[in-house]
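One letter stands for each residue in the lines below.
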Amino acid sequence: MFVWNCNGNEKDMKINLLKGSFTYGAVTIFSRIAAVILIPILTRLLTPDEYGALNMALTIVTLANFVVTFEVAQAVTLFFSDRNRSDRDVYPATAIRFSLFMYLLLLIVVVIFGKTVSGMVGDSNIRGSIIIDGAMLLGANGCFLFLQNQLRIEFKSREYGALTLGYVLLTTLGAITGALFFPHPAEGVILGQTGGAAIIDIAGMLMLKKRFSGSFKKEKLREMLKFSFPLVPAGLLLLGGQQVPKFILSIYGSLEDVGIYGLAYQIAGFSALAVLGVQTAITPSVLANHAEVETPKNLATLFENFSIVALLLCTSLSIFAHELITIFSVPSYGRAANFVPALSFAIALNNLYIFFPGKIIKGKSASQLMASAGSFLVAIIAGIILIKLDGVRGAAFSTLLSAGTFFFIWCYI
């Protein structure tokens, strides 16, 4: 379990941080390995067009998750981590009921109006029913993320690891099985992942049944939504800034271009390994120990160290991009290697902001909106200009500009 030893010296605190991050780091590495294994399988089962359509569908699912539950899980993190609250157990129980209700409501709406919005995916490779499949995946993944977050803020690293490993295994196997045996491979991937996530959701609910056995409190829900509601546009704009080049590319390019961009983004995602388990462990620990004198100094040192690691990873990915694309795909995806360098630095910047948690500590969630809005605006303007000029390469550089904008505004705030 992660413990920030506020009574020890700086060296002891660093050692404890590394020890506490070990489980999260190991799980992250395993997850990345599973993702790495899945890449060459899907690129051989799906054409670039189908891969692009799958990317678009999964992106819509990810973006929708910010809106459906109004980021209430982040409010749970803040209020439940406050040990001075005698009623802190009520927050998780209230939030999980609210989340399940909202996911069910979304599914009902999508079943009724799914065909109307099916054109958002933008290609005949994906049938209208994928919108319903996407809503089911959204609910299954959303519940998993909530359960995972609850285990994290309770410092139950062993249970966190078990649940995450199970999720990775079952969703990976489900994706492969769906792509192999379903008539429409891209849709099969989504259905397979949904089934795997649903099984893990049941296991997670059993793990946390005592925590969720409390009653639903309307006043606690209002308190959480008051904090989390400003995070919805902020989070949506932040993630939108990262993903909007993909949508612009689908307009001015093709789904094949989206597939190439999507593969480059996944390979570039290895740069996120720079922060490993620290990214998972650091937020609840800082929330619990932010008043200690040594905390800011330790965060500054960590930022310096992990920035160096991120720089080394991004440089390595840039140098060996062509070799990596050759290993993880087939020749039809070859040009994706040209876009890995810019995207690797963009993803690194999107992860390093965690070392600047001031506004999160103070509960000033609206402050994130400024950085996210700036990032989103840059993504749209740069995306339209650069993608018109240079296609996928323009999309990669607009993503980098957007990530840099968010990082530097956030650090300034």
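Residues numbered from 1 in each chain as written. Predicted model: local features only at pLDDT ≥ 70, side-chain atom pairs only at ≥ 80, totals over all residues. Heavy atoms only, no water.

Section: the overall build of the protein
Each helix and strand in the protein was counted, giving 16 helices and zero strands. A separation threshold of at least 6 residues defines the contact pool for the protein, and within that pool the share at least 24 residues apart is 83%. Taken as a whole, the protein presents about 18,200 Å² of accessible surface, with 67% of it coming from carbon and sulfur. (Helix = DSSP H or I, 4+ residues; strand = E, 2+ residues; numbered from the N terminus. Contact = heavy atoms within 4.5 Å. Areas by Shrake-Rupley, 256 points an atom, 1.4 Å probe, with all protein chains shown as cover.)

Re the packing of helix α2 (residues 48-68) against helix α9 (residues 231-252)
At a minimum axis separation of 9 Å, α2 and α9 run at an interaxial angle of 165°. With respect to α9, the axis of α2 lies roughly antiparallel. Crossing of α2 against α9: the hand is left-handed. Contacts between α2 and α9 pair Asn55, Met56, Thr59, Ile60, Thr62, Leu63, Phe66 and Val67 from the former with Val232, Gly235, Leu236, Leu239, Gly240, Gln243, Lys246, Phe247 and Ser250 from the latter. (Axes fitted to C-alpha atoms, helices over the stretch in contact; angles between N-to-C directions. Parallel < 35°, antiparallel > 145°, perpendicular 65-115°, else oblique. Left-handed = near helix turned anticlockwise from the far one by under 90°.)

Remarks on the confidence of the model for the protein
Mean pLDDT for the protein: 85, with 85% of residues reaching 70 or above. For the stretch residues 1-10, pLDDT sits under 50, and the model shows 27 contacts to residues farther than four places along the chain or on other chains. In the model, residues 120-126 has pLDDT below 50 throughout and makes 13 contacts with residues more than four positions away in sequence or in other chains. (pLDDT = per-residue confidence, 0-100.)

Observations concerning the environment of methionine 207
By secondary structure assignment, the location of methionine 207 is in helix α7 (residues 185-207). Sequence-wise, methionine 207 and glutamate 159 are 48 residues apart; in three dimensions their C-alpha atoms are separated by 7.9 Å.

Describing a nonpolar patch on the surface
A cluster of nonpolar side chains, contributed by Phe101, Leu104, Leu105, Ile108, Val109, Val111, Ile112 and Phe113, occupies part of the molecular surface with about 770 Å² of accessible area. Among the secondary structure elements, phenylalanine 113 is positioned in helix α4 (residues 90-117). (Patch = residues over 30% accessible without salt bridge, like charges linked within 9 Å, V, L, I, M, F, W, Y side chains within 5 Å. Salt bridge = Lys/Arg side-chain N within 4 Å of Asp/Glu carboxyl O.)

Some remarks on the nonpolar core
Ranked by internal contacts, the top residues of the largest apolar core, which has 53 residues, are Leu263, Ile267, Val340 and Leu343. By residue number, the principal contributor to this core is helix α10 (residues 255-268), which donates nine residues. When neighbours within four sequence positions are excluded, leucine 263 is seen to be in contact with Ile39, Thr43, Tyr51, Ile325, Ser329, Tyr333 and Ala336. One finds Val72, Phe80, Ala95 and Phe146 within the second-largest nonpolar core, a separate group that totals 36 residues. (Core = buried A, V, L, I, M, F, W, Y, C linked by side-chain atoms within 4.5 Å. Buried < 20%, exposed > 50% of the residue type's maximum accessible area, 1.4 Å probe, protein only.)

A word on the packing of α2 against helix α5 (residues 130-153)
For the pair α2 and α5, the least separation of the axes is 9 Å and the interaxial angle reads 55°. The angle between α2 and α5 places the two elements in the oblique class. As α2 runs across α5, the sense of the crossing is right-handed. Between α2, through Ala57, Leu58, Val61, Ala64, Asn65 and Val68, and α5, the contact on the second element is made entirely by Ile130, Gly134, Leu137, Leu138, Gly142 and Leu145. Class assignment of the residues belonging to the contact of α2 with α5 gives a composition of nine nonpolar, three polar and no charged. (Nonpolar A, V, L, I, M, F, W, Y, C, P; charged D, E, K, R; others polar.)

Quick notes on the side chain of glutamate 154
Structurally, the position occupied by glutamate 154 is in the loop between α5 and α6 (157-181). Under the relative-accessibility criterion, glutamate 154 is labelled buried at 12%. Here the side chain of glutamate 154 touches glutamine 150 through a polar contact of 2.7 Å, side chain to side chain. Here the side chain of glutamate 154 touches arginine 211 through a polar contact of 2.7 Å, side chain to side chain. (Polar contact = N/O pair within 3.5 Å; in protein donor to acceptor, adjacent residues only side chain to side chain.)

Quick look at the pattern of salt bridges
Under the counting rule described, the total for this entry stands at seven salt bridges. Across the salt bridge formed by aspartate 89 and arginine 211, the nearest N and O atoms sit 2.6 Å from each other. Of this pair, aspartate 89 sits in the loop between α3 (72-80) and α4 while arginine 211 sits in the loop between α7 and α8 (218-228), and the two are 122 residues apart along the sequence. Accessibility expressed as a relative area gives 40% for aspartate 89, which makes it partly exposed.

Here we look at the packing of aromatic side chains
This structure, assessed with the given rule, holds 18 aromatic pairs. With 5.0 Å between their ring centres and 75° between their planes, phenylalanine 303 and phenylalanine 356 make a pair best called edge-to-face. Remark: phenylalanine 356 occurs in the loop between α14 (340-352) and α15 (358-361) and phenylalanine 303 occurs in helix α12 (residues 295-319); sequence separation between them is 53 residues. Its relative accessible area of 22% is what places phenylalanine 303 among the partly exposed residues. A centroid spacing of 6.0 Å and a plane angle of 15° characterise the contact between phenylalanine 406 and tryptophan 410, whose relative ring orientation is stacked. With phenylalanine 406 and tryptophan 410 both in helix α16 (residues 368-412) and four residues apart, the pair spans about one turn of that helix. Owing to a relative accessible area of 4%, tryptophan 410 belongs among the buried residues under this scheme. Three or more aromatic residues link up through ring pairs in this structure, and these residues are Phe303, Phe306, Phe355, Phe356, Phe407 and Phe408. The ring centre of phenylalanine 80 lies 4.3 Å from the NZ or CZ of arginine 88, which sits over that ring. (Phe/Tyr/Trp six-rings, centres within 6.5 Å; stacked < 30°, edge-to-face > 60°. Lys NZ or Arg CZ within 6 Å of the ring centre and 35° of its normal.)

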